[in-house]
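Below are the chains, spelled out letter by letter.
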Amino acid sequence: MTAAPDGIGIGEIFDLLPHRYPFLLVDRVLEFVPGQSIVAIKNVTINEPFFQGHFPGAPVMPGMLILEALAQAGGVLVSKSLEGPLGDRIFMFTGVEKAKFRRPVVPGDQLRLRCFDLKRRLTLCRMRAEAHVDGVLVAEAELSAAVADKKALG
């Protein structure tokens, strides 16, 4: 396991991911093993913009955003595992398989995002991902992604 004493903070996450508020869903990396696994956190607060409409009076974090948080944690894993910087390339989420949502995530929860069993071939990546709250599995999936040229996006 490799990590600075305080993990990977938001400044380095900004360097590794193109996402910004309100769509950046990784607050800190706690554990990192290059080319193998990552554990990150997302603090879920009532101030999240999606809670205004999902659902008023009974706020629940949308499952697709939990998957996006896992994909972003996976993006940090891949970006930090590459031999050089991404430069003019971007890491893009390309697929989800075997996704299961086990329990709702609500304001005040802290998502512990774990991506592991990373497999890379050329520009394609595949990994297992799990989200936990207080040690309880709340979501899981197999995620795939690819490294693409930013200029090709348009």
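As a starting point, this report considers the structure included with it. Note that the structure is predicted; figures quoted are calculated from it, not measured.

## Some thoughts on helix α2 (residues 63-81)
Move 1: Between its terminal C-alpha atoms α2 stretches 27 Å, which fits the 27 Å expected from 19 residues at 1.5 Å a residue.
Move 2: Among the 19 residues of α2, 16 are classified as buried, and the element is accordingly described as predominantly covered.

## Digging into the pattern of salt bridges
Move 1: Going through the model one piece at a time under the given rule, you end up with 12 salt bridges.
Move 2: Across the pair glutamate 48 and lysine 42 runs a salt bridge whose closest N-O atoms are separated by 2.8 Å.
Move 3: Under the relative-accessibility criterion, glutamate 48 is labelled buried at 8%.
Move 4: For lysine 42, a relative accessible area of 5% gives the class buried.
Move 5: The partner of lysine 151 in a salt bridge is aspartate 88, and the shortest N-O contact between them spans 3.8 Å. With lysine 151 in the segment after β6 (136-149) and aspartate 88 in the loop between α2 and β3 (89-101), the pair connects residues that are 63 residues apart, well separated along the chain.
Move 6: In the salt-bridge network here, residues are joined through shared partners; they are Glu97, Lys98, Arg126 and Glu142.

## Here we look at the side chain of glutamate 142
Move 1: Considering the arrangement of structural elements, one finds glutamate 142 in strand β6.
Move 2: Accessibility expressed as a relative area gives 16% for glutamate 142, which makes it buried.
Move 3: A distance of 3.1 Å separates polar atoms of two side chains, one belonging to glutamate 142 and the other to arginine 126.
Move 4: Setting aside residues up to four positions removed in sequence, glutamate 142 forms contacts with Gly95, Val96, Glu97, Lys98, Arg126, Met127 and Arg128.

Rules of the game
- Residues numbered from 1 in each chain as written.
- Predicted model: local features only at pLDDT ≥ 70, side-chain atom pairs only at ≥ 80, totals over all residues.
- Heavy atoms only, no water.
- Helix = DSSP H or I, 4+ residues; strand = E, 2+ residues; numbered from the N terminus.
- Expected span 1.5 Å × (residues − 1).
- Buried < 20%, exposed > 50% of the residue type's maximum accessible area, 1.4 Å probe, protein only.
- Salt bridge = Lys/Arg side-chain N within 4 Å of Asp/Glu carboxyl O.
- Polar contact = N/O pair within 3.5 Å; in protein donor to acceptor, adjacent residues only side chain to side chain.
- Contact = heavy atoms within 4.5 Å.

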